[in-house]
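Survey of secondary and tertiary structure
Residues per chain are reported as follows:
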Amino acid sequence: MSQNFSENKICVVIGASHGGVNFAFSLRKEGWEGRIILFDKDPVLPYHRPPLSKAYLTSADAIEKNALKSAESYEKSNIELRLGHNVSSVNKSEKNITLDTGEIQAYDTLVLATGARPIIPSIEGLKEASNVFALRTASDVEQIRSAVNTGETQKNVVVIGGGYIGLETAASLKKLGANVTVLEREERILARVTAPEMSDFFEKLHATNNVPVLTNKNVVAITKDGNLNHVVCADNTSYKADIIIVGVGIHVNLELAKQAELEIENGIKVDEQAKAATDIYAIGDCTYHYNPHYDRFIRLESVQNAVDQAKIAAAAICDKKPVYNTIPWFWSDQYDVKLQMVGLSTGYNKLVKRIEEGAANKFSIWYFKDDELLAVDAVNNAKAYVLGTKFIKNKNTIDQLKLADPNSVFKPANLILE
Amino acid sequence: MAKITFITTDNESITLEGTSGSVMQLAVDNDIPGIDGDCGGVCSCATCHVHVKPEDMEKTGAASEIENDMLELDDNVNEYSRLCCQLEISDALDGVVLQVAERD
Ligand SMILES: Cc1cc2nc3c(=O)[nH]c(=O)nc-3n(C[C@H](O)[C@H](O)[C@H](O)COP(=O)(O)OP(=O)(O)OC[C@H]3O[C@@H](n4cnc5c(N)ncnc54)[C@H](O)[C@@H]3O)c2cc1C
Ligand code: FES
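So, a few notes on the structure that sits alongside this text. Keep in mind the model is a prediction, meaning the values are calculated, not measured. (Residues numbered from 1 in each chain as written. Chains lettered and ligands numbered in written order. Predicted model: local features only at pLDDT ≥ 70, side-chain atom pairs only at ≥ 80, totals over all residues.)

Focus on the sheet that holds strand 10 (residues 156-160) of chain A
All names here are of chain A. In space, the five strands of this open sheet follow the order 9-16-10-11-12, with parallel pairing throughout. A single partner strand is all that each edge strand has here, and the edge strands are strand 9 (132-133) and strand 12 (213-214). Sheet topology note: the strand 10/strand 16 (residues 243-246) ladder contains four bridges and is parallel. In the sheet register, Val159 faces strand 16, and the bridge partner there is Ile245. (Pairing = 2+ DSSP bridges. Helix = DSSP H or I, 4+ residues; strand = E, 2+ residues; numbered from the N terminus.)

Here it is as structure tokens:
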């Protein structure tokens, strides 16, 4: 590598969120001396997304309090932040991109950190319904907060979809004083991502907080009566809603990747260095990538993945030949419950539940495939999360009987079988 | 207003002034190496680990249960460890010195 390998080069990044922003700063740190230009259609100084459905939704804070980095940080690191610009096309052979305004920007290296957008299902009447919101951006939160706070009367909110974002939003809006109901199409919430025990726990948690979580509720139509919506389900039940929150999952933003003729399979397919094609990298929610630990391709929606892939891509571009090999982790905060998850539970055939004594709602669920620990869901139990992380990373074999026994010391030395 | 000094893992000393928010935010906004704050300050990532200078422990107080649990298996944990997203800036923190912890 020559000393000034990047001096007159331009790295263009599309998407300035957890992936793009962390990438830009990592690239500087790795020694890139050329230009770094970050584009995002969102006009707001890039911010943390997880608080949008959690603490930020219930606060009166301005979004700047949640900024990923201060405006001065970008200046200091000489990162050009072009907010409020939608990139409409990528020309791979000419190595440039075009903005909505027609402006063309050349690149030497391109990074796609385009993330995902909420799915808006084709439910009859949804387009015409009043106060329908998804939750992905700061502007979504502004609108939800103002809809909830308008007028004197308590608002009826129906959340369609009992995934993490839907459940967190339900808890937050309840805290803001709304009357909230969650409708889930499957027979249990979080069915794709957790064990029945966890679904059960969260259903009860919401019920205790006077938020009914109703399952087997397939929403088929929204009818209107003035400004009041009626959310109608396939079983002919109907729920009043001043406000509807749609939380049924995401679509990966793949339009630009398709134009660039990148390989697409459930996301932009990248290698262990986050590379998608010559001089093109992709990071974060938009990628379908190989996880060496679990030996398969996965797509993740998590800050951890966006940040870690950002660092890998930056190191790879600076010729450091890193390899992406991490254990996924994630968290969710609802009411006073903190859930921390590590690993991927898919394929488990055994569950161990450990309930800590002397504290309410403090337990952990351990997912095993035979003797192999795959994942841990820890409820109000950071220790279980940390232990699980270590065990998974080191591929330790665990004494499952001791693990299940709350009186057995919760320390690696006691739990690891040699 | 509080003056807070960070000693980086390269032994560089950087003093910053803050009025509100968490110490983690102050560090991230000023690019203190080794403080990433990936989870935004909710005790979920442990990328904001510092060692408080022993004589300043009185000002910061000791780590909470969740901080201790998050750091329990960290090779660099010690009795002065804190996750600095849990330190709220106020006059009381004026003059504290925080050593950025090495990462595993
Ligand atoms: C409400 C909510 C709560 C969450 N909670 C958690 C949590 O607790 N823990 C966790 O780990 N993760 C959580 N997540 C997921 C996490 O926020 C995402 O995994 C993370 O934001 C992914 O980062 P990213 O940079 O890959 O993509 P994104 O954050 O989706 O960012 C992509 C960016 O690209 C921009 N963009 C796309 N196309 C274009 C274009 N053509 N031109 C210009 N700009 C473009 C978009 O405007 C966007 O800003 C949550 C997400 C949401 C929405
Ligand atoms: S910022 Fe994540 S634990 Fe402090």
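Some remarks on the packing of helix 1 (residues 18-29) of chain A against helix 8 (residues 303-317) of chain A
Residues and elements named next belong to chain A. The contact between helix 1 and helix 8 brings their axes to 8 Å, and the two run at 35°. Two packed elements cross with a definite hand, and for helix 1 against helix 8 that hand is right-handed. Here His18, Gly19, Asn22, Phe23, Ser26 and Leu27 of helix 1 lie close against helix 8, whose contacting residues are Val303, Ala306, Val307, Gln309, Ala310, Lys311, Ala313, Ala314 and Ile317. Classifying every residue of the contact of helix 1 with helix 8 by side-chain character gives nine nonpolar, five polar and one charged. (Axes fitted to C-alpha atoms, helices over the stretch in contact; angles between N-to-C directions. Left-handed = near helix turned anticlockwise from the far one by under 90°. Contact = placed C-beta atoms within 7 Å. Nonpolar A, V, L, I, M, F, W, Y, C, P; charged D, E, K, R; others polar.)

With respect to the environment of Ala170 of chain A
All names here are of chain A. Assignment of secondary structure puts Ala170 in helix 5 (residues 164-175). Looking at Ala170, the number of C-beta atoms within 10 Å reads 29, which means it is buried. Between the C-alpha atom of Ala170 and that of Ile245, which follows or precedes it by 75 residues, the distance is 8.8 Å. Apart from the residues within four sequence positions on either side, Ala170 is in contact with Val159, Val180, Val182, His206 and Val211. (Buried ≥ 20, exposed ≤ 12 C-beta atoms within 10 Å, placed from the backbone.)

Examining the site of ligand 1
All names here are of chain A. In the neighbourhood of ligand 1, 35 residues make up the surrounding shell, with Gly15, Ser17, Gly19, Gly115 and Gly284 lying closest. Contributing elements (two or more residues each) for the shell around ligand 1: helix 1, strand 2 (35-40), helix 8 and strand 23 (329-334). Here the residues of the shell around ligand 1 sort into 14 nonpolar, 14 polar and seven charged. (Near = placed C-beta within 6 Å.)

Describing unusual backbone geometry
Residues and elements named next belong to chain A. We note that Asn210 has phi near 60°; this positive angle belongs to a residue other than glycine. With respect to the secondary-structure elements, Asn210 resides in the loop between helix 6 (196-208) and strand 12. Although it is not a glycine, Asn361 adopts a positive phi angle of roughly 50°. Relative to the elements of secondary structure, Asn361 occurs in the loop between strand 25 (350-355) and strand 26 (363-369).

Digging into the sheet that holds strand 14 (residues 228-233) of chain A
All names here are of chain A. The three strands are arranged 13-14-15 in an open sheet whose pairing can be described as antiparallel. Both outer strands of the open sheet, strand 13 (219-225) and strand 15 (238-241), are each paired with one neighbouring strand and no more. Here the strands of the sheet are splayed against their neighbours by 25° on average, with no regard to which way each runs. Here strand 13 runs beside strand 14; their pairing, made up of six bridges, is antiparallel. Bridging from a neighbouring strand, Thr223 pairs with His230 of strand 14.

Thoughts on the environment of Lys402 of chain A
Residue and element names in this part refer to chain A. Position of Lys402 among the secondary structure elements: in helix 10 (residues 400-404). Spatially, the C-alpha atoms of Lys402 and Ile416 are 9.6 Å apart, while their sequence positions differ by 14 residues. Non-local contacts of Lys402, meaning those with residues more than four positions away in its chain, are made with Ser408, Asn414 and Leu415.

Digging into the pairing of strand 11 (residues 179-183) of chain A
By the criterion of burial, strand 11 of chain A is predominantly enclosed, with four of the five residues buried. What joins strand 10 of chain A to strand 11 of chain A is helix 5 of chain A, and the crossover it makes is right-handed. (Right-handed = clockwise from strand over helix to strand, strands pointing away.)

Considering the interface of chain A and chain B
When the parts of a complex come together, some accessible area is lost, and that lost area is often used as the size of the interface. Each partner contributes residues to the interface: chain A has 18 residues there, and chain B has 13 residues. Those elements giving two or more residues to the side of chain A that touches chain B turn out to be helix 3 (71-76), helix 8, strand 23 and helix 9 (382-394) of chain A. Here the element with the most residues in the side of chain A that touches chain B is helix 9 of chain A; it accounts for five residues. Considered class by class, the residues forming the side of chain A that touches chain B number eight nonpolar, five polar and five charged.

Comments concerning helix 6 of chain A
Residue and element names in this part refer to chain A. Taking 1.5 Å of rise per residue, the 13 residues of helix 6 would be expected to cover 18 Å, and the 18 Å separating its terminal C-alpha atoms lies within 8% of that figure. Turning to helix 6, its buried residues number three or more, namely Met198, Ser199, Phe201, Phe202, Glu203 and His206. Turning to helix 6, the residues buried within the fold contact helix 5, strand 11, strand 12, strand 26 and strand 27 (372-379). Positive backbone phi, approximately 60°, marks Asn210, located one or two places after helix 6. (Expected span 1.5 Å × (residues − 1).)

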